[in-house]
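Chain by chain, the residues:
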Amino acid sequence: MSEKNQDMKDLALRAQKEPAVLRELVGNLSGASRRLRQYSAACLGLVAKEDPSLLVDHSADLIDALNRPEAQTRWECLDMLTMLVSLDSRACDKAISGVEAALFDDESGPVRLGAMRFLCRLGSTTENRSEKLWSLIDEGIQCYHGDLEFPDMMAAVVEFSQGKIAASTKEALASRMAFDAENSKGALKRRAQQIITNVS
């Protein structure tokens, strides 16, 4: 493990125990230094993996950080917001416009993947959200078919298909997956078939 990675782990551990350290890392997300924003976002990502509840009160800062120019800060914040959906979905609703921009990011596959994971997680929580977010999820499925990140996007769509989604969304999702269920091969074919089974 590199010295930088160990330093990051140590700082993340401190942030879990010391609210002042956590607040400082969150504050760095809006700072002037790109390097410090990225480093802080990565540290906060480690905190979220251990205890996402520590970031619930900072959701507005994570949403704001979706506007930073560098990809890493955005994808780290998308991943953290995805973890917060089960803890405070209403706060996460406020992220949708920033997440929509991230879904169509021309330069970063990890940012697009992070956006898709968030939309699928949030969309799976209620029938109303599934209807509201389906058009974005559907567009993501169509736009990134065949991209490097697409298999991971499909794993998120499988999770979406297992959630509390509306009948109209289930029907549209089954229709979207029909081609891959019949004509694709390997993991994509299996996932498409699994999704259709889930929504049947």
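Residue positions are given per chain, counted from 1 along the sequence in the order it is written. Only residues with pLDDT of 70 or above have their local features reported here, since the model is predicted, and side-chain atom pairs are shown and tallied only from 80 upward, although totals for entire chains, interfaces and linings are computed over all residues. Remark: hydrogens and water are excluded; side-chain values derive from all non-hydrogen atoms of the structure.

Draft legend 1. Spotlight on the packing of helix 8 (residues 109-123) against helix 9 (residues 127-143). Between helix 8 and helix 9, whose axes approach to 9 Å, the crossing angle comes to 150°. Between helix 8 and helix 9, the interaxial angle falls into the category roughly antiparallel. Where helix 8 crosses over helix 9, the handedness of that crossing is left-handed. Listed contacts from helix 9 to Met-116, Leu-119, Cys-120, Leu-122 and Gly-123 of helix 8 are Arg-129, Ser-130, Leu-133, Leu-136, Ile-137, Gly-140 and Ile-141. The class makeup of the residues in the contact of helix 8 with helix 9 is 8 nonpolar, 3 polar and 1 charged. Axes, fitted as lines to C-alpha atoms, cover a helix only where it is in contact. Angles between the N-to-C directions of the axes lie from 0 to 180 degrees. Only DSSP runs of H or I with at least four residues qualify as helices, and only runs of E with at least two residues qualify as strands; both kinds are numbered from the N terminus onward. Put simply, angles under 35 degrees are roughly parallel, angles over 145 are roughly antiparallel, angles from 65 to 115 are roughly perpendicular, and the rest are oblique. Should the near helix be turned anticlockwise from the far one by less than a right angle, the crossing is left-handed, and should it be turned clockwise, the crossing is right-handed. Pairs of residues are marked as contacts when any of their non-hydrogen atoms sit within 4.5 Å. Any residue that is not Ala, Val, Leu, Ile, Met, Phe, Trp, Tyr, Cys, Pro, Asp, Glu, Lys or Arg is counted as polar, Gly included; the first ten are nonpolar and the last four charged.

Draft legend 2. Geometry of the packing of helix 7 (residues 96-103) against helix 9. Axis separation between helix 7 and helix 9 bottoms out at 11 Å; the angle between their running directions is 15°. Relative to helix 9, the element helix 7 lies roughly parallel. By crossing handedness, the relation of helix 7 to helix 9 is classed as left-handed. Residues Ile-96, Glu-100 and Leu-103 of helix 7 form the contact with helix 9, whose own contacting residues are Lys-132, Leu-133, Leu-136 and Gly-140. Residue classes in the contact of helix 7 with helix 9 are distributed as 4 nonpolar, 1 polar and 2 charged.

Draft legend 3. Layout of helix 3 (residues 34-50). Helix span, as expected, comes to 1.5 Å for every residue beyond the first. Taking 1.5 Å of rise per residue, 17 residues should cover 24 Å, and helix 3 covers 25 Å from first to last C-alpha, within 8% of that figure. Only protein chains enter the accessibility calculation, which uses a 1.4 Å probe. A residue is then buried if its area is under 20% of the maximum for its type, exposed if over 50%, and partly exposed in between. Among all positions of helix 3, only Arg-37, Tyr-39, Ser-40, Ala-41, Ala-42, Cys-43, Leu-44, Gly-45, Val-47 and Ala-48 are buried.

Draft legend 4. Examining helix 12 (residues 186-199) more closely. Between its first and last C-alpha atoms helix 12 spans 21 Å; for 14 residues at 1.5 Å apiece the expected length is 20 Å, and the two agree. Buried within helix 12 we find Ala-192, Ile-195 and Val-199. Looking down the long axis of helix 12, one finds its buried residues gathered within 60° of arc, a one-sided arrangement. Looking at helix 12, the residues exposed on the side facing more than 90 degrees away from the buried face are Arg-190 and Thr-197. Residues of helix 12 that are buried in the fold lie against helix 10 (150-161) and helix 11 (167-183). Relevant arc is that of directions from the helix axis to the C-beta atoms, nothing else.

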